[in-house]
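Architecture at a glance
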Amino acid sequence: MDFHDYQDVWVFIEEKDGAIAPVSLELLGAGRGLADKRGCNLAGILIGENISHLADTMFEYGADIAYIYDQPIFKNYRTESFMQALLHCSNKYKPEIILYGATSTGKDLASAVATDLPTGLTADTTELDVEEETGLLLASRPAFGGNIMATILCKKYRPQMATVRAKVMKALTPQPGRKGKIIEESISLKEEDIRTKVLEIVKETTKKVRIDEADIIVAGGKGLGSAEGFQLIHKLAESLGGAVGASRDVVEAGWIEHAHQVGQTGVTVTPKIYFAIGISGAIQHIVGMKNSGLIIAINKDPEAPIFEACHYGIVGDAFEIVPILIEQFQQA
Ligand code: FAD
């Protein structure tokens, strides 16, 4: 097949509460690097209602082009309507690469678009590059239980598409006043053409610090012994104003919800400080927290693999050490 018409790198821009979601800014940073290597433009595609003003932010964070679908029908995210806009834009302007955040919206949209175009989709990638000779996207992700990194190429179809985990790419330092080209598009789509309706939006009311936004994460593992023992992790997190993280075994035991799971099948986090308490340090856990600023491990087994991955390690019983830490932090 002739792919000559397919040129630029695109990022699907997610909007949340009137601002561009951090994962999309990170992807603009990653996309800028890919576009520079390929010698092409970086574009952002933004779909929503009253969102056109966000084009400036896209340019400041590295985009050259902003494709905008600003229509009332796009007020709330719905697979069918957003997919129609993305297909329309992609068929018209033919991107070589489209990146989406591996969020619930990004994963949903990318897989729907992939089936309709049709093209491939590399899901949940953690590394991106382009092959020098061909300019093909090299999308890498952990595979076989996190034991290897698999690099996946989409040779036969266009666009090449990937969802990318939050917090693994870096947003560029914004350049205020940086300009780009705005391309306003629209599609004729009627409300009755869309099978899903948004009846109500219920906002999360919890005051707890979100794990993907926290500067400090206190994560606990099976070493805490029980759901009651795991309360110690909540107390330490509270004394530090941090969020609670967990290993998969803890989530599977039902001590905490999956939203708190760190690792390959959980969330990737990069807090300033990460406490790993009673966590052995399986590779599937390490891949989700290894880029934290400072990693402090507490484990009673001096041979635990977590001690290979931490900056500071305390060999000892969590039930003796953590209460002392809580007391100290509460006094500080
Ligand atoms: P354990 O391995 O049982 O470790 C408990 C640790 O606590 C031990 O090191 C022990 O010495 C220590 N300990 C015991 N008592 C105390 C005490 N009183 N004080 C201090 N230390 C104590 N895991 C994840 O975390 N995230 C993932 O996303 C993930 N994805 C996976 C995907 C796949 C495909 C597979 C196969 C596995 C995945 N896992 C994941 C599971 C992973 O392999 C490990 O099984 C899991 O991380 C172990 O959890 P843990 O460290 O809490 O438990």
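Small disclaimer: the values here were computed from a predicted structure and weren't measured.

1. Describing the overall build of the chain
Each helix and strand counted, the chain has nine helices and 17 strands in total. Relative to the globule expectation of 20 Å for 332 residues, the C-alpha radius of gyration of the chain, 22 Å, shows essentially globular dimensions. Based on the C-alpha atoms only, the size of the chain along its principal axes is roughly 65 × 50 × 40 Å. Sequence-distant contacts in the chain: of pairs separated by 6 or more residues, those separated by 24 or more amount to 63%. Counting every atom, the chain has about 16700 Å² of accessible surface; 50% of that belongs to carbon and sulfur. Within the chain, the 44 negative side-chain charges are centred at a point lying 2 Å from the centre of the 32 positive side-chain charges.

2. Overview of the sheet that holds strand 15 (residues 273–277)
Strand pairing in a sheet is mediated by backbone hydrogen bonds. Such pairs are either parallel or antiparallel. Reading across from one edge, 14-13-15-16-17 is the order of the five strands in this open sheet, with parallel pairing throughout. The open sheet has two edge strands, strand 14 (243–246) and strand 17 (312–315), and neither has a second partner. Looking at each pair of strands side by side, their axes are set apart by 20° on average, direction ignored. The pairing of strand 13 (residues 216–220) with strand 15 spans five bridges and is classified as parallel. What sits directly across from A219, in strand 15, is A276.

3. Focus: helix 4 (residues 104–116)
Its 13 residues place the ends of helix 4 19 Å apart at the C-alpha level, agreeing with the 18 Å of an ideal helix rising 1.5 Å per residue. When we look at burial in helix 4, the residues that qualify are T105, G106, L109, A110, A112, V113 and A114. In the core, the buried residues of helix 4 are packed alongside strand 1 (9–13), helix 3 (79–93), strand 6 (97–101) and strand 11 (160–164).

4. So, the confidence of the model for the chain
Averaged over the chain, the pLDDT score is 94; the fraction of residues at 70 or greater is 98%. Here the predicted complex scores 0.76 on pTM and 0.99 on ipTM.

5. A look at the nonpolar core
L28, M58, L99 and L128 are the most contacted members of the largest nonpolar core, which totals 31 residues. For this core, the leading source of residues is helix 1 (residues 22–38), giving six residues. Excluding its chain neighbours within four sequence positions, the residues that come into contact with M58 are I13, I20, L28, G44, L46, A63 and A66.

6. Structural notes on unusual backbone geometry
Looking along the chain, the bond that leaves L117 and enters P118 is cis, with omega of -15°. Mapped onto the elements of the fold, P118 is located in the loop between helix 4 and strand 7 (122–125). Here the bond from R158 into P159 is cis, since omega is -5°, no more than 30 degrees from zero. Here P159 is to be found in the loop between strand 10 (148–152) and strand 11. Positioned with a positive phi, D124 is a non-glycine residue whose angle comes to about 60°. In this structure, D124 sits in strand 7.

7. Quick notes on helix 5 (residues 227–240)
Between its first and last C-alpha, helix 5 extends 21 Å over 14 residues, near the 20 Å set by a 1.5 Å rise per residue. Looking at helix 5, one finds that the buried residues are G229, F230, L232, I233, L236 and A237. The arc enclosing the buried residues of helix 5, seen along the axis, measures out at 130°, which places them on a common side. Opposite the buried face of helix 5, by more than 90 degrees, sit the exposed residues E228, K235 and E238. Check the buried side of helix 5 and you find it contacts strand 13, strand 14, helix 6 (248–252), strand 15 and helix 9 (318–331). Looking one or two residues beyond helix 5, the residue adopting positive phi is G241, at roughly 70°.

8. Some thoughts on the environment of L137
Tracing the backbone through its elements, the reader meets L137 in strand 9 (residues 137–143). Residues L137 and E213, spaced 76 residues apart in sequence, show a C-alpha to C-alpha distance of 29 Å. Setting aside anything within four residues of it in sequence, one finds L137 in contact with L34, I97, L128, D129, V130, I152, L153, Q160 and A162.

9. Some points on the packing of helix 3 against helix 4
Between helix 3 and helix 4, the least distance of the axes is 10 Å, while the angle of their chain directions is 55°. Between helix 3 and helix 4, the crossing angle belongs to the class labelled oblique. Considering how the two elements wind past one another, helix 3 and helix 4 form a crossing that is right-handed. When helix 3 is examined against helix 4, the residues T79, F82, M83, L86 and L87 are found in contact with a partner set consisting of D108, L109, A112, V113 and D116. Grouping the amino acids of the contact of helix 3 with helix 4 by side-chain chemistry returns seven nonpolar, one polar and two charged.

Conventions and cut-offs
- Residues numbered from 1 in each chain as written.
- Predicted model: local features only at pLDDT ≥ 70, side-chain atom pairs only at ≥ 80, totals over all residues.
- Heavy atoms only, no water.
- Helix = DSSP H or I, 4+ residues; strand = E, 2+ residues; numbered from the N terminus.
- Rg over C-alpha atoms; globule rule 2.2 N^0.38 Å.
- Contact = heavy atoms within 4.5 Å.
- Areas by Shrake-Rupley, 256 points an atom, 1.4 Å probe, with all protein chains shown as cover.
- Lys, Arg positive; Asp, Glu negative; His and termini not counted.
- Charge placed at Lys NZ, Arg CZ, Asp CG, Glu CD.
- Pairing = 2+ DSSP bridges.
- Axes fitted to C-alpha atoms, helices over the stretch in contact; angles between N-to-C directions.
- Expected span 1.5 Å × (residues − 1).
- Buried < 20%, exposed > 50% of the residue type's maximum accessible area, 1.4 Å probe, protein only.
- pLDDT = per-residue confidence, 0-100.
- Core = buried A, V, L, I, M, F, W, Y, C linked by side-chain atoms within 4.5 Å.
- Arc of directions from axis to C-beta.
- Parallel < 35°, antiparallel > 145°, perpendicular 65-115°, else oblique.
- Left-handed = near helix turned anticlockwise from the far one by under 90°.
- Nonpolar A, V, L, I, M, F, W, Y, C, P; charged D, E, K, R; others polar.

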